[in-house]
Amino acid sequence: MKNTTVEASHLGKAYGATRVLQGLSFSVEPGDVVGVLGKNGAGKTTLLELMLGFTLPTEGEVRVFGHESTRMPGAAKARVGFVPQQDELLDQLNVADQIRVIASFYKNWDGELMTRLCEEWGIRASARIKSMSVGERQKLSILLALGHRPDLLLLDEPVASLDPIARRQFLEQLVEISSEGQRAIIFSSHIVSDIERLANRIWILKEGRLFWQGDLDSLKESIVRLHLRGSIPLPEEAGIPGAISIRRDASFPTAIVRDWSDSAQVELERRIDGSVEVQPLGLEEIFVELHR
Amino acid sequence: MKAVIRLVMTYALGTRVLRGFTIAGIAMIVLASFLLEYLPQPVWMLWMSFWGAAAFFIGSALMPVIFGRMARGRLIRVLPHGRAKLLASVFIMVTVVALPLPLLELIGSHLAMIQHHQQELRGATTAHIAIDAAAMERFRRGSIENFWWTLTGSFFTTVGLYLTLWFITSQRSIAGYAKGLLVILFMMYVPSQQLRDLSTTMRGSLIQIATFCFLFGAGFLLWPRWQALTLGWRFAPLASIGRVLGRPVAGREADLVLGTANPWLLIGVQVVPILFATTIGFYSPAVWLFYLTIFSTVAGAIACHAAERSRVLWLRGGWSRAELFVLVERSFWRHNSFVLGSLIALMVGIGSYAALPISLLAAGVPLLLISAVLSTYLGLMVTRSMRFAEGALAVVVMLALMAVAIIAARSGGSSKDIVIVVALEAVLTVAALALRSAAKSRWARIDWMLCRPDRSLRVRAAG
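This structure is a prediction, so every number in the text was calculated from the model and none was measured. (Residues numbered from 1 in each chain as written. Chains lettered and ligands numbered in written order. Predicted model: local features only at pLDDT ≥ 70, side-chain atom pairs only at ≥ 80, totals over all residues.)

The next thing to look at is the overall build of chain B. Broken down by element type, chain B carries 19 helices and zero strands. When the 463 residues of chain B are sorted by exposure, 32% land in the buried category. (Helix = DSSP H or I, 4+ residues; strand = E, 2+ residues; numbered from the N terminus. Buried ≥ 20, exposed ≤ 12 C-beta atoms within 10 Å, placed from the backbone.)

Written as C-alpha cells, this is what we have:
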C-alpha cells in the first residue's frame, strides 16, 4: 500500500468572495522535501494551514497520514511538527521549562537530540525567553518542532529572522533530518536559494493556483529563456509555443517559455530563419520571470 | 497525563517569584490545617489560611497568561490532544486553588466534632451543651453540605478572578479592563444569589461545577472549528458599533495612540457595576469606600502602558523625552478627570441616597483623588516591562489605600479620627508627588529599545 504523507485533491479556500487557493491537487511522499514559493499573499500560509487543519477548505480536501486534516487524531498529530511564522513561545518561562512543556505532549520526545541541538545552536537552557532576540526565539521554535522527530515537518517562513550562520545551521539540520528517509518536509520561504539548495520538489503558487509542482531539475528544464537571432523579425502577432513572456525591446527578442522541446525549437528556428539560443534559468530567475 | 501535570506545575512554579508565592501559600495552608488540631483558632490564624490561599492564587497567576497564549496560538492545535490537555490542566489548577479553604473548613468541623465527642466520653461536657447522636449526625451532614457549598463558591470565585486576570493581562487595554470588570460584576451577583439561597447540596454543587465545566470545555474545544467556519462572516450591527466607537478624532491623535481618547467606555464599565451593586444592598460605608477607591485606581493603572505606547509618538513626533512626558501626563489627566469626576459624582449620589455619614464623603473624595494620582504616576513609572520593583510598589500602594479607606470608613467622625485620616492622606499625597518625580526622571532617560509593547501583543496587533 502506498504510504502517502499528504494528499490533496481539488483543494480550494475562499474568504467570502476572495478565492485564495483553488484547484490544488498534490501528494507528498515520505522523503520529499517540498519548497513552497510564492509572492506575498499567494496563499502559502493558507496552504500550510489547510494541511494542518487550522482552517476548513471551501472545496476539495486534504488528508494527512490518511486522515482528513481537520480531524487529525492525536496519534497523527504526534507525527507532525510545525514551525509557525510568528513564534508562540511562552515569554514568562526559561528555555528549559518551555522545552519541558512541549516535550510533555509527546511520548517519543528525544531529549538527547534537544540537548545536542541546543548546544550546537547556542541556546542556553537557563535563558529567559522574554530576553531572547527574535532570531534566538525562531531557533528555539524550530528546535521544538524537531524534538519528537516528526514524520511530517511543516515550516512557515522558518528562516526569515535567522542570521546567515543560524540559517546555514538550520539548513544543515534540515538536510540531516530529511536524509533519515521516512520524513517529509514542507517549507515555505522567500529565500529562493534556500529552497534551491534543499528542496527536491518545488511548488510555485501563483494567483491561488499551483503553477508548478515537480522536481527542481524538471522545472529548470521546462522553463527556459530563449534568445532569438534570426533574419526575419518575429511578427508582433506571432506567438511562441508555451511562451510566458516575450520581450521585443532589445535588438534580439527574448522569451521565457514553458515545456520547451527540441521540435518546438526546430520549428521556431525555421520561422525566424535563424538560431534560437536556449538559456537555462536559476530558480530565482524563474520565480521572478513568472511574476513579472 | 504527563502534559497535564507539567502544565499544572508550570502554572504554579513557572517563575522564581511565583514559585515563592506558591510555596509560601501551600506552607501557610498546611501549617494552618496542622495547627487546627492543637491550638484554638484566634482571628490571626484564620487569616493565615486566608493569606495562604491568596498567596497560592497569586503563585498560579501564570495560568491565565499561559492558557491565553497557548489557547489563542496555532501550535496547540498540532500538539497531540493539545486543547484537551490544556483544558484539563486549567480545570485541575482551578480546583486545586479553590480547594484549600473549603477543605480547611471541613477539617475544622470534623475536628470540632471529634473533640466534642472526646469531651463527652470524658464527661467533661456540661449538660446544657450535650449533643445527642442525632444532632451530631445532623452536624456532620451539615458540615459536609457546607463544604460543597463553600467549594462551589470558591470554585466560581477562583474562575472569576482568573478570568479577570486573563482579560486584564492579555489585552492590556480599556477593553480588557472592561471585560475584567464585567466578570467582577457577574461575581458580585452570583455569590449574592447564593447567599440568599443556602440550600445548596452536594448534588447541586457538583451539578453547578459540572455544568460550568461542560459548557466552558465544549466551547473551548469547539472554538477552533467555529472560528474556521465563521472566518469572513460579518455581523453588521457589530460593524456599525465599531464605526461609531472608532470615529476619527482629528487633532487628538496622541490621545488615540495612548488609549485616552475615549473615557466613556471606562466610565460605563465602572458606573454599571457600581449602580448594579446598589441594587443588591451594599450600604456599608466601608464597602463603598473600599470599592470606589479600587475603581479609582483603574484609570491610573492604564498609564502603565503609556511608555510603550508613546514609543511611536517619540519616533514620529518632534518631542524630546521631557516634552513627551508632559504631553502624556496631560493626556492622561484629561482622560482620568472624566472617569474620576464620574466616580466622585457617584460617591456623592450614593452617599446621599444611602444616607452615609458626611465625614465619609469628606474623607472619601480626597482619597479617590489621591488614589487616581498615585496609580497614574505608578503607571507612568513603568518605562520598561513591569518588573518586581514596580509590582511590589503597586502592592504596597494598594494596601496603603485600602487601609486608609477602611480607617476612614470606620472613623466615628471625631476630630481625632479626622486628623488621623487627613494625616494619612497627606502622607499619600507626598508619596504621589514622589512617584511623579520618579516617573519624570525615568522618562527623561527612557530607552526605547527596552520600552516596546509585549511581543504577543505586537503579533496580535500585526495580525
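Now, onward.
What follows concerns the sheet that holds strand 8 (residues 184-188) of chain A. Residue and element names in this part refer to chain A. Reading across the sheet, the six strands line up as 6-7-8-3-9-10 and stay open at both edges, with mixed pairing between neighbours. Edge positions in the open sheet fall to strand 6 (80-83) and strand 10 (209-214), since each of these has one partner strand only. Pairs of neighbouring strands in the sheet enclose a mean axial angle of 15°, with direction left out of account. Pairing geometry for strand 9 (residues 201-206) and strand 10, over five bridges, is antiparallel. Residue pairing across strands places I202 opposite G214, the latter belonging to strand 10. Lying on the sheet, helix 1 (residues 44-52) is in contact with strand 3 (33-38), strand 6, strand 7 (152-156), strand 8 and strand 9; it crosses strand 7 at an angle near 150°. (Pairing = 2+ DSSP bridges. Axes fitted to C-alpha atoms, helices over the stretch in contact; angles between N-to-C directions. Contact = placed C-beta atoms within 7 Å.)

Turning our attention to the nonpolar core. Core analysis: the biggest nonpolar cluster contains 174 residues, and M51 and L154 of chain A together with M63, L374, Y377 and A408 of chain B have the highest contact counts within it. The biggest single contributor to this core is helix 7 (residues 133-171) of chain B, with twelve residues. Split by domain, this core shows at least three residues from each of two domains, domain 1 (6-207) and domain 2 (222-289) of chain A. In this view, M51 of chain A contacts V6, V62, V64, S69 and L154 of chain A; residues no more than four positions away in its chain are not counted. (Core = buried A, V, L, I, M, F, W, Y, C linked by C-beta atoms within 7 Å. Domains from an automatic or database assignment.)

With 24 residues of chain A at the interface, the matching set in chain B holds 28 residues. Of all the elements, helix 3 (residues 95-103) of chain A adds the most residues to the side of chain A that touches chain B, at three residues. Here the residues of the side of chain A that touches chain B sort into 13 nonpolar, six polar and five charged. (Nonpolar A, V, L, I, M, F, W, Y, C, P; charged D, E, K, R; others polar.)

Domain parsing of chain A yields domain 1 (6-207) and domain 2 (222-289). Spacing between the C-alpha centres of domain 1 of chain A and domain 2 of chain A amounts to 38 Å.

Before going further, it helps to examine the confidence of the model for chain B. Taken over all residues, the pLDDT of chain B has a mean of 78, while the share at 70 or more is 81%. Here residues 459-463 of chain B is modelled with pLDDT under 50, and outside its nearest four sequence neighbours on either side it reaches one contact, counting other chains as well. (pLDDT = per-residue confidence, 0-100.)

The subject of this paragraph is helix 5 (residues 82-98) of chain B. The terminal C-alpha atoms of helix 5 of chain B, which comprises 17 residues, lie 24 Å apart, in line with the 24 Å expected from a rise of 1.5 Å per residue. Within the span of helix 5 of chain B, buried status applies to G82, K85, L86, L87, S89, V90, M93, V94, V97 and A98 of chain B. (Expected span 1.5 Å × (residues − 1).)

Between the first and last C-alpha of helix 1 (residues 2-13) of chain B there are 16 Å, a value that for twelve residues agrees with the 16 Å anticipated at 1.5 Å per step. Of the residues making up helix 1 of chain B, those classed as buried are A3, V4, L7, T10, Y11 and A12 of chain B.

What follows is about the confidence of the model for chain A. Model confidence for chain A is summarised by a mean pLDDT of 85, while 95% of its residues fall at 70 or above. When the elements of chain A are averaged for pLDDT, helix 6 (residues 164-178) of chain A gives the smallest value, 78, and helix 3 of chain A the largest, 93.

To continue, consider the packing of helix 3 of chain A against helix 1 of chain B. One can describe the packing of helix 3 of chain A onto helix 1 of chain B by two numbers: an axis separation of 8 Å at closest approach and a directional angle of 150°. Between helix 3 of chain A and helix 1 of chain B, the angle falls in the class roughly antiparallel. Note on element contacts: helix 1 of chain B touches helix 3 of chain A through R6, L7 and T10 of chain B, opposite D97, R100 and V101 of chain A. The residue inventory of the contact of helix 3 of chain A with helix 1 of chain B, partitioned by class, reads two nonpolar, one polar and three charged. (Parallel < 35°, antiparallel > 145°, perpendicular 65-115°, else oblique.)

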